[in-house]
Amino acid sequence: MANEPSAAAKRTGVLKRRLSVRSRWTLGIIIGVIVAPALWLGIHAFVAYDALVNAEADVQSVQGAVSANQFQALPYIYSDMKSDTMAAAAATSDPVWLAAENLPVVGTDLRAVRQLAGSVNSLVIKGVGPIATTAKGFDFGQFRPHNGTIDMAKIESLLPILNSTYSGIRSAQISANAIDTTHTLGPVTGAVTTVRQALDKALTLVASVRTAARQIPPALGSTGARNYLVVLGSNSQDRANGGAASALALVTIDNGVLSIIRTAPASGLGLDSSAAGGPATLPPFTKTSSAAAADAERSPVFSDSAARTAALWTARFHDRVDVVVSIDSTGLGELASATGDVSVSAGKTVSATSLATYLDVTLPKTASAVELEAANVAALNGVLTDIISGAGRTPPYLTAANTLLGEKRVQLWSADPKLQAFLAATPMAGALSTSNATVTTYGVFFNAVGSGSLSTDLTATAHLTPALCTSASQRQSSVGITLESRQPSGSVSEDVLVYGPVDFAYANYTLTGATVLATHFTTIAHRPVEAFRIRIDSGATALLTVDHTVGGPTPSKVVEIRTSPRWIVTQIGFAACS
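As the structure is a computational prediction, the values presented were derived from the model and not from experiment.

### Quick word on the overall build of the protein chain
And step 1. In terms of regular secondary structure, the protein chain is built from 13 helices and 17 strands.
And step 2. In the protein chain, buried positions account for 44% of the 578 residues.
And step 3. In the protein chain, the share of contacts with a sequence separation of at least 24, taken over all contacts with a separation of at least 6, comes to 71%.

Below, the structure written as structure tokens:
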């Protein structure tokens with residue numbers, strides 16, 4: 001028949017059908033060998049990702065539980081976290097995943113993800129586990145004094161746990177650092193980098209806590225009684241030791257047992273802010289330049305100030321001083337928020353929220369110098385007595401501690417070189433930075449001349465202006481200090497001390513709205529130091545601007561102005577001048 005296909009056409013049709021069947025088989029093989037494993041890997045990658053995200057949320061829960069003193073929740077959070085990280089590790093270590101690590105292009109990424117999940121899982125089990133398993137029943141309140149005694153055994157039991165945690169984090173860090181990211185994709189490289197940075201921070205934190213834990217038993221008198229000189233500073237002046245000293249108390253700790261030996265007003269040691277000298281002279285600002293008692297708190301270096309104050313106390317009362325603890329009146333009020341109202345005189349109590357204002361502003365307007373000193377001594381003694389007895393609840397203490405450390409309202413110095421070396425590396429050392437490698441720091445300090453104070457007669461602020469290029473193509477940084485008189489009549493005088501950043505050079509100063517009575521320019525520890533005695537008339541506002549040229553190593557982009565003990569941080573750029 002005419003329409004019947006030829007034999008050649010029939011053979012072609014059979015061949016096409018065979019090719020079609022073969023193509024389907026080929027597609028099936030591709031799906032089975034490539035697509036299905038790809039889907040498997042995709043599902044497992046999603047499982048691993050979801051598990052690690054959940055674990056990250058658990059980390060936030062851990063931080064919240066610790067800050068809220070809810071350690072009983074840690075075992076349950078750890079259980080969830082462990083399940084998540086184990087799921088991530090399991091999802092990235094099955095035979096299909098391991099085989100796929102040998103594939104070109106994607107193999108290195110899959111291997112890195114598996115190693116990353118394993119490192120995080122190791123961190124949780126070996127790093128978090130030791131703390132979580134012992135956290136039930138743990139409470140920060142166990143480390144507070146109760147009836148004058150601190151439980152030393154509780155504190156000493158922390159060190160083995162911290163050692164185990166440190167070892168666990170270190171092990172995870174080694175694993176994470178061993179991950180090869182030479183040929184990995186950007187997101188994988190970024191994830192590895194993030195985990196490495198987190199491990200570095202965690203290890204540094206635990207190492208610091210472990211070092212501190214080793215120092216605590218001796219500091220609490222495990223090897224012999226320790227004497228702590230607590231100095232209460234008034235916010236009426238900014239000084240290196242937290243303000244013009246108003247009251248002092250010596251607290252001894254012997255194997256965890258605390259007691260107050262004696263208290264004294266600052267004038268008992270000659271630490272009187274009115275002893276600043278005549279209006280035509282500036283007081284010395286180094287520890288060796290004068291033996292005057294008033295100069296003890298005039299050094300902008302807290303370690304110098306504390307050491308001299310300790311020596312004055314020993315000379316006056318013949319007590320050994322091992323550690324000086326400085327706290328300002330605002331910081332004392334924070335502690336009082338945990339202990340309760342403070343008795344400042346017979347029949348007179350002040351709430352925690354108004355304590356600093358009462359001592360620095362309200363009382364000085366009506367009380368004699370003797371009455372003011374007595375109130376400061378009573379306030380310091382009252383708060384310390386309440387703390388030693390165990391008054392108050394733990395959460396307010398934790399809040400107060402965070403505020404004191406965060407706002408740098410507490411500073412410590414130790415006569416023991418080893419302990420001082422540890423303190424020197426902490427924010428509690430009260431030290432200005434010694435280089436520009438990570439932060440460029442200005443120090444600005446204020447000392448009263450006569451009976452004036454920042455609280456009642458003067459408002460003082462400091463700020464930075466953007467860096468400029470001078471006509472000589474030098475980079476220049478300026479710090480501005482504003483002084484506003486609040487006296488209804490007469491004038492008020494103030495000593496302003498500016499510590500320029502390390503390796504900067506003093507260039508110039510300008511003053512508007514006031515009179516300069518005396519100046520002094522020097523260099524201390526590679527810092528330019530400028531001292532000004534300024535007189536401001538009633539109601540006037542003065543602006544003192546001090547210019548420095550930028551020298552030495554390239555400074556960082558973050559500059560701190562420090563008015564002890566509080567710091568103001570300002571972003572500032574140092575562009576090169578052409």
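Next comes the rest of the description.
### Looking at the nonpolar core
And step 1. By size, the foremost hydrophobic cluster in this structure holds 45 residues, and its most contacted members are Val344, Leu355 and Leu380.
And step 2. When residues of this core are assigned to their parent elements, the largest contribution, eight residues, is made by helix H11 (residues 369-389).
And step 3. In this structure, Val479, Leu483, Phe504 and Val550 belong to the second largest nonpolar core, which totals 24 residues.

### Observations concerning the sheet that holds strand S7 (residues 410-414)
And step 1. Strand order in the open sheet made by the five strands is S3-S2-S1-S4-S7, with mixed pairing throughout. Both edges of this open sheet fall to strand S3 (257-265) and S7, since each of them pairs with a single strand only. Neighbour-to-neighbour, the strand axes of the sheet open up by a mean angle of 20 degrees, direction not taken into account.
And step 2. Bridge count for strand S1 (residues 226-234) against strand S4 (residues 323-328) is six bridges, and the pairing is parallel. Its bridge partner being in S4, Leu229 is matched across the sheet by Val324.

### Focus: helix H6 (residues 158-177)
And step 1. Here H6 spans 28 Å end to end across 20 residues, near enough to the 28 Å set by a 1.5 Å rise per residue.
And step 2. All of the buried residues in H6 are Leu162, Thr165, Gly168, Ile169, Ala172, Gln173 and Ala176. With its buried residues spanning 140 degrees around the axis, H6 presents them on a single face.
And step 3. Where H6 is buried, its residues meet helix H4 (107-133) and helix H7 (186-219).

### Remarks on the environment of Thr434
And step 1. With respect to the secondary-structure elements, Thr434 resides in the loop between helix H13 (417-424) and strand S8 (440-449).
And step 2. A relative accessible area of 70% places Thr434 in the exposed class.
And step 3. Sequence separation between Thr434 and Pro501 is 67 residues, and the spatial gap between their C-alpha atoms is 8.6 Å.

### Points about the side chain of Ser485
And step 1. Position of Ser485 relative to the elements: it lies in strand S10 (residues 475-485).
And step 2. One polar contact links the side chain of Ser485 to the main-chain amide nitrogen of Gln487, over a distance of 3.3 Å.
And step 3. In contact with Ser485, not counting residues within four places along its chain, are Asp457, Leu458, Val492, Ile536, Asp537, Ser538, Gly539 and Ala540.

### Observations regarding a nonpolar patch on the surface
And step 1. Nonpolar side chains collect at one region of the surface, where Leu103, Val105 and Val106 lie side by side and expose about 290 Å² of accessible area between them.
And step 2. For Leu103, a relative accessible area of 45% corresponds to the partly exposed category.

### Regarding the sheet that holds strand S15 (residues 541-549)
And step 1. On the basis of which strands lie adjacent, the open sheet formed by four strands has the order S9-S10-S15-S12 and antiparallel pairing. The open sheet has two edge strands with one neighbour each: strand S9 (458-469) and strand S12 (505-512). Taken pair by pair, the neighbouring strands of this sheet meet at an average axis angle of 15 degrees, ignoring direction.
And step 2. For S10 and S15, the ladder comprises nine bridges, and the chain directions are antiparallel.

### So, helix H9 (residues 329-339)
And step 1. For H9, the tally of buried residues reaches eight of 11 residues, placing the bulk of the element in the interior.
And step 2. Inspection of H9 places Ser329, Gly331, Leu332, Gly333, Leu335, Ala336, Ala338 and Thr339 among the buried residues, and these make up the whole buried set.
And step 3. As for H9, its buried residues are in contact with S1, S4, strand S5 (342-345), helix H10 (355-362), H11 and helix H12 (394-406).
And step 4. Downstream of H9 by one or two residues, Gly340 has phi in the positive range, about 115 degrees.

### Regarding the packing of H9 against H10
And step 1. Between H9 and H10, whose axes approach to 7 Å, the crossing angle comes to 150 degrees. Classified by the angle their axes make, H9 and H10 are roughly antiparallel. Contacts between H9 and H10 involve Ser329, Thr330, Leu332, Gly333 and Ala336 from the former and Leu355, Ala356 and Asp360 from the latter.
And step 2. Its residues placed into classes, the contact of H9 with H10 shows four nonpolar, three polar and one charged.

Analysis parameters
Residues numbered from 1 in each chain as written. Predicted model: local features only at pLDDT ≥ 70, side-chain atom pairs only at ≥ 80, totals over all residues. Heavy atoms only, no water. Helix = DSSP H or I, 4+ residues; strand = E, 2+ residues; numbered from the N terminus. Buried < 20%, exposed > 50% of the residue type's maximum accessible area, 1.4 Å probe, protein only. Contact = heavy atoms within 4.5 Å. Core = buried A, V, L, I, M, F, W, Y, C linked by side-chain atoms within 4.5 Å. Pairing = 2+ DSSP bridges. Axes fitted to C-alpha atoms, helices over the stretch in contact; angles between N-to-C directions. Expected span 1.5 Å × (residues − 1). Arc of directions from axis to C-beta. Polar contact = N/O pair within 3.5 Å; in protein donor to acceptor, adjacent residues only side chain to side chain. Patch = residues over 30% accessible without salt bridge, like charges linked within 9 Å, V, L, I, M, F, W, Y side chains within 5 Å. Areas by Shrake-Rupley, 256 points an atom, 1.4 Å probe, with all protein chains shown as cover. Salt bridge = Lys/Arg side-chain N within 4 Å of Asp/Glu carboxyl O. Parallel < 35°, antiparallel > 145°, perpendicular 65-115°, else oblique. Nonpolar A, V, L, I, M, F, W, Y, C, P; charged D, E, K, R; others polar.

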